[in-house]
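Read off the chains here:
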Amino acid sequence: MIVSQVHKAIQHVNRRVVSTLPVPSVLWDKEKLLIQDIEARERAQSFFRLGFPNEAECKLLSTLLKEHNNEIESFPYLFLYEWSPSNKVGQGDAVFANGQGGLLVVEAKAKNSTRHVTQQSLFYRQCLIEEYPQSSVSAAILTNRGFGWTQIEREHADNLNAK
């Protein structure tokens, strides 16, 4: 009985999602991004209340959203939360925007291992590159060990620092 009620509540939350991703022009419009941020945070709170997909992952993501995180301070807008790419493969955790066309995919897993979550983060990064080809898309992970940039992002930062 309780499982059925939770399932119905999750379906209700999922229906609140726009069936298509926001138009690319939103990424450069800070007023529209602020509205998108508010809606994405409301969606996140709905998932947190349900403990979906699991309470440990909700706790990780809730902490990321509540606390000032130096790692993502240049991406102040929550753009998407528990989103599906247009290819309908999988469901990403969180995407942040910087107001200048940049996006940051953050995949979370409440575990210490990073291999699978890194693969997911890079997969969703590629999905967003295809959806928003005019944007710069970064990828990061969030695990019990904390926040971390994917190897691609670390190599990119190293290359920029070497110049």
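Not measured: the values here are computed from a predicted model.

Q: What exactly am I supposed to notice about the packing of aromatic side chains here?
A: The geometry of an aromatic ring pair comes down to the distance between the two centres and the angle between the two planes. The tally for this structure, following the rule as stated, stands at 7 aromatic pairs. When the ring of Phe 48 is compared with that of Tyr 81, the centres are 5.7 Å apart and the planes differ by 80°; the resulting orientation is edge-to-face. One end of the pair, Phe 48, is in helix α2 (residues 30-50); the other, Tyr 81, is in strand β1 (residues 77-83), with 33 residues separating them in the sequence. For the pair Phe 48 and Tyr 81, a shared accessibility class is recorded, and that class is buried. Judged by centre distance (5.4 Å) and plane angle (65°), the rings of Trp 83 and Tyr 124 are edge-to-face. Here Trp 83 is found in strand β1, whereas its partner Tyr 124 is found in helix α4 (residues 115-131), with 41 residues between them in sequence.

Q: Just to check I follow, could you spell out the pairing of β1 for this structure?
A: Consecutive side chains along a regular strand alternate between the two faces of the sheet. With respect to burial, β1 is a largely interior element, 7 of its 7 residues being buried. In this structure, β1 lies alongside strand β2 (residues 92-97), joined through 5 bridges in antiparallel fashion. Paired with Trp 83 across the strands is Gly 92, a residue of β2.

Rules of the game
Counting starts from 1 at the beginning of each chain's written sequence and moves along it residue by residue. In keeping with the model being predicted, local features are shown solely for residues with a pLDDT of at least 70 and side-chain atom pairs are shown and tallied solely at 80 or more, while totals for entire chains, interfaces and linings include all residues. As a rule here, side-chain values cover all heavy atoms of the structure and leave hydrogens and water aside. Under the pairing criterion, centres of Phe, Tyr and Trp rings, with the six-membered ring standing for Trp, must be within 6.5 Å; the plane angle then separates stacked pairs below 30 degrees from edge-to-face pairs above 60, leaving the rest tilted. Only DSSP runs of H or I reaching four residues or more are called helices, and only runs of E reaching two or more are called strands; each is numbered from the N terminus. Accessible area is worked out with a 1.4 Å probe on protein chains only. A residue is then buried under 20% of its type maximum, exposed over 50%, and partly exposed in between. Two strands make a pair as long as DSSP finds a minimum of two bridges between them.

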